[in-house]
Amino acid sequence: MAPSAEIAPTEVDGHAAVRLAAGALAVRVLPALGMLCASFTRDGVELLGRTDELDAYVQKGSTAALPFLYPWANRLAGLRYQA
């Protein structure tokens, strides 16, 4: 049986974010910042916590956190999808 999934609006250092969770795993992505993944946890343990560089990313467009490869590394045929 697949783990239950959760999608919830949240915030990371003052930036609007979305929390995606399934089973023991959870990520926080920032849609306005190019779908950056600023947090990745497993069983509540932070495995990736790269929020210290978010302001530099906003100001310079520099690299920070983990890119989500939106829109899915150009592997989808359409521009709109529903989940």
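Here the structure is a predicted model, which is why all the values come from computation and not from measurement.

**Comments concerning the overall build of the protein**
Helices and strands together make up the secondary structure of the protein, namely 1 helix and 6 strands. Along the chain direction, N to C, the helices and strands of the protein fall in the order β-β-β-β-β-α-β. Within the protein, the fraction of its 83 residues that count as buried is 24%. Counting every atom, the protein has about 6,200 Å² of accessible surface; 55% of that belongs to carbon and sulfur.

**Re the pairing of strand 5 (residues 45-49)**
Working note: regular strand, side chains alternate between the two faces of the sheet. Bridge analysis of strand 4 (residues 36-42) against strand 5 gives 4 bridges, and the strand direction is antiparallel. Note that in strand 5 the partner of F40 across the bridge is L48. The antiparallel hairpin formed by strand 4 and strand 5 contains 2 residues in its connecting segment, where D43 sits at a positive phi of about 50 degrees.

**A word on the side chain of H15**
Along the chain, H15 falls in strand 2 (residues 15-22). Excluding residues that lie within four positions of it along the chain, H15 makes contacts with T10, L30, L33, L54, D55 and V58.

**Considerations on a negative patch on the surface**
Where like charges cluster on the molecular surface, the negative patch consists of E11, D13, D52 and D55. Mapped onto the fold, D13 is located in the loop between strand 1 (5-12) and strand 2. For D13, a relative accessible area of 52% gives the class exposed.

**Observations concerning the pattern of salt bridges**
Going through the model one piece at a time under the given rule, you end up with 1 salt bridge. The residue E6 makes a salt bridge to R19 at a minimum N-O spacing of 3.0 Å. Of this pair, E6 sits in strand 1 while R19 sits in strand 2, and the two are 13 residues apart along the sequence. The class of E6 is partly exposed, set by a relative accessible area of 37%.

**Quick look at the side chain of S39**
Tracing the backbone through its elements, the reader meets S39 in strand 4. Here the side chain of S39 touches E46 through a polar contact of 3.0 Å, side chain to side chain. Once residues lying within four places of it in the same chain are set aside, the contact partners of S39 are A26, V27, R28, E46 and L48.

Reading the values: the criteria
- Counting restarts for each chain: residues are numbered from 1 in the order of the written sequence.
- Reporting of local features is limited, given that this is a predicted model, to residues whose pLDDT is at least 70; pairs of side-chain atoms are given and counted only at 80 or more, and all residues count toward the totals for whole chains, interfaces and linings.
- Side-chain numbers come from the whole structure's heavy atoms, not from hydrogens or water.
- Helix numbering and strand numbering both begin at the N terminus, where a helix is a DSSP run of H or I of at least 4 residues and a strand a DSSP run of E of at least 2.
- Summary of the burial criterion: residues with accessible area below 20% of their type's maximum are buried, those above 50% are exposed, and those between are partly exposed, where the area comes from a 1.4 Å probe applied to protein chains only.
- Exposure was quantified through the Shrake-Rupley algorithm and a 1.4 Å probe, taking into account, for residues, occlusion by the shown protein chains and nothing else.
- Pairing between two strands requires that DSSP report at least two bridges joining them.
- Every residue pair with non-hydrogen atoms within 4.5 Å of one another is taken to be in contact.
- Only residues whose relative accessible area exceeds 30% and that form no salt bridge are eligible for patches; like-charged ones are grouped when within 9 Å, while nonpolar side chains (Val, Leu, Ile, Met, Phe, Trp, Tyr) are grouped when within 5 Å.
- Any Lys or Arg side-chain nitrogen found within 4 Å of a carboxyl oxygen on Asp or Glu counts as a salt bridge.
- We treat Lys and Arg as the positive residues and Asp and Glu as the negative residues; His and chain ends play no part in the count.
- Where a charge sits is defined by one atom per residue type, namely NZ (Lys), CZ (Arg), CG (Asp) or CD (Glu).
- Residues adjacent in sequence count toward polar contacts only when both atoms are side-chain atoms; beyond that, a polar contact is any pair of N or O atoms within 3.5 Å, and within protein one must be able to donate a hydrogen and the other to accept it.

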